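Descriptive structure summary
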Amino acid sequence: MANQRFNKKYFDRYYGKRPVRSLNEVAHLAAAVHELASWWNSPIRSVLEVGAGPGDWSQWYRAMHPKIRVMSVDVSEHACATYGHKQRDIATWSPPHPFDLVICMDVLQYLDDAQAARALRNLAKATRTYLYFDALTEFDAKHTVDRDATDLDAHLRSGNWYRQHLSRSFLQAGAGLWIRKSSSVVLHELEHSR
Ligand SMILES: C[S@@+](CC[C@H](N)C(=O)[O-])C[C@H]1O[C@@H](n2cnc3c(N)ncnc32)[C@H](O)[C@@H]1O
């Protein structure tokens, strides 16, 4: 597994004194996604966090919803030892059973095109209903992120590259949330984009 890059130095640099995002910020996002699932009448009972790093989503679920089954995985030996994840490479692994909610945030920019395409297929296999997905794009690197706080040494692709792959299995609900087409959730026409 190619995980040497994601060592203590990497985590100190991006998740130390000046983290790219705080646990509190992620808590708002996780709560919003969790409530939306209830609104769509398909509540979340199992959660998989992929490329979890510090594991903010899984920490939030374990603290706020202790009855929900939570698994967190990362390719990095350091992240697994420090934050308690199972060591898995999403380019080569998918779980034997799908999870209601899968989170993959800021991971796929570290994979080349072929690996990222395989990872997106594995994410689709892993997801029963909801996927929360984000990855640094060419546009983000130029226009949206704090360039000092963000690791820009990555495979920067267009947003459309990700949309095309994800659209094979998901509807884009927006704000990073994707709904598996094969799930029981029925979205009104204006709740998603084509
Ligand atoms: C920028 S961090 C994001 C961490 C967390 N998802 C977040 O949003 O704060 C990227 C993480 O992806 C993990 N990662 C990179 N390639 C991976 C792969 N092929 N499979 C699983 N995890 C991977 C790294 O070890 C690192 O923890």
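See the structure printed just above.
The sections below set out a description of the structure shown in this document. (Residues numbered from 1 in each chain as written. Predicted model: local features only at pLDDT ≥ 70, side-chain atom pairs only at ≥ 80, totals over all residues. Heavy atoms only, no water.)

Structural notes on the state of the cysteines
Within this structure, the stated rule accounts for zero disulfides. Residue Cys80 stays outside any disulfide, its sulfur separated by 14 Å from that of Cys104, the closest cysteine. With relative accessibility at 12%, the residue Cys80 sits in the buried group. (Disulfide = S-S within 2.5 Å. Buried < 20%, exposed > 50% of the residue type's maximum accessible area, 1.4 Å probe, protein only.)

Thoughts on the packing of aromatic side chains
Here the structure, examined in full by the defined rule, presents twelve aromatic pairs. Joined through ring pairs, the aromatic side chains of Phe6, Tyr10, Phe11, Tyr14, Tyr15, Tyr83 and Tyr110 make up one cluster. When the ring centre of Phe170 is taken as reference, the NZ or CZ atom of Arg180 above it lies at 5.8 Å. (Phe/Tyr/Trp six-rings, centres within 6.5 Å; stacked < 30°, edge-to-face > 60°. Lys NZ or Arg CZ within 6 Å of the ring centre and 35° of its normal.)

A few points about the packing of helix α2 (residues 23-39) against helix α3 (residues 56-64)
Viewed as axis vectors pointing N to C, α2 and α3 meet at an angle of 65°, and their least axial separation amounts to 9 Å. Both α2 and α3 take part in a crossing whose hand is right-handed. When α2 is examined against α3, the residues Leu23, Val26, Ala27, Leu29, Ala30, Ala31, Val33 and His34 are found in contact with a partner set consisting of Asp56, Trp57, Gln59, Trp60 and Tyr61. Counted by class, the contact of α2 with α3 contains ten nonpolar, two polar and one charged residues. (Axes fitted to C-alpha atoms, helices over the stretch in contact; angles between N-to-C directions. Helix = DSSP H or I, 4+ residues; strand = E, 2+ residues; numbered from the N terminus. Left-handed = near helix turned anticlockwise from the far one by under 90°. Contact = heavy atoms within 4.5 Å. Nonpolar A, V, L, I, M, F, W, Y, C, P; charged D, E, K, R; others polar.)

Let's talk about the layout of surface pockets
Roughly 640 Å³ of internal volume is contained in the largest pocket. In terms of lining residues, the largest pocket is bounded by 29 residues, among which Asp106, Asp134, Ala135, Leu136 and Asp140 are the most central. Only α1 (8-15), β5 (127-134) and α7 (159-167) provide two or more residues apiece to the lining of the largest pocket. The biggest single contributor to the lining of the largest pocket is α7, with four residues. Looking at the lining of the largest pocket, its residues break down into 15 nonpolar, seven polar and seven charged. The volume enclosed by the second largest pocket comes to roughly 520 Å³. (1 Å grid on protein atoms, 1.4 Å probe; cavity = no way out; pocket = protein on both sides within 12 Å on 5 of 7 lines; lining within 4 Å. Points joined across faces, edges and corners; volume = space filled by probe spheres on them.)

So, the sheet that holds strand β7 (residues 177-180)
The seven strands are arranged β3-β2-β1-β4-β5-β7-β6 in an open sheet whose pairing can be described as mixed. Here the strands that pair on one side only, and so sit at the sheet edges, are β3 (86-87) and β6 (170-174). Pairing of strand β4 (residues 99-105) with β5, which is carried by six bridges, proceeds in the parallel orientation. Following the sheet pairing, Ile103 is matched in β5 by Tyr132. Sheet contacts for helix α5 (residues 113-126): β1 (46-50), β4, β5, β6 and β7; angle to β5, the most-contacted strand, approximately 140°. (Pairing = 2+ DSSP bridges.)

Here we look at the environment of Ala149
Tracing the sequence through the fold places Ala149 in the loop between α6 (138-143) and α7. Measuring from C-alpha to C-alpha, the distance between Ala149 and Gln59 comes to 23 Å, with 90 residues separating the pair along the chain.

A short note on the site of the ligand
Contacts to the ligand come from 19 residues, most closely from Arg21, Gly51, Asp74, Asp89 and Met105. Take Gly51: an N or O atom from its main chain is 2.8 Å from a nitrogen atom of the ligand. The cavity that encloses the ligand is the second largest pocket. Ranked by the residues each element gives to the shell around the ligand, the list is headed by α1, at three residues. The residue makeup of the shell around the ligand, split by class, is eleven nonpolar, three polar and five charged. (Near = heavy atom within 4 Å. Polar contact = N/O pair within 3.5 Å; in protein donor to acceptor, adjacent residues only side chain to side chain. Sits in = over half its atoms within 2 Å of the grid points.)

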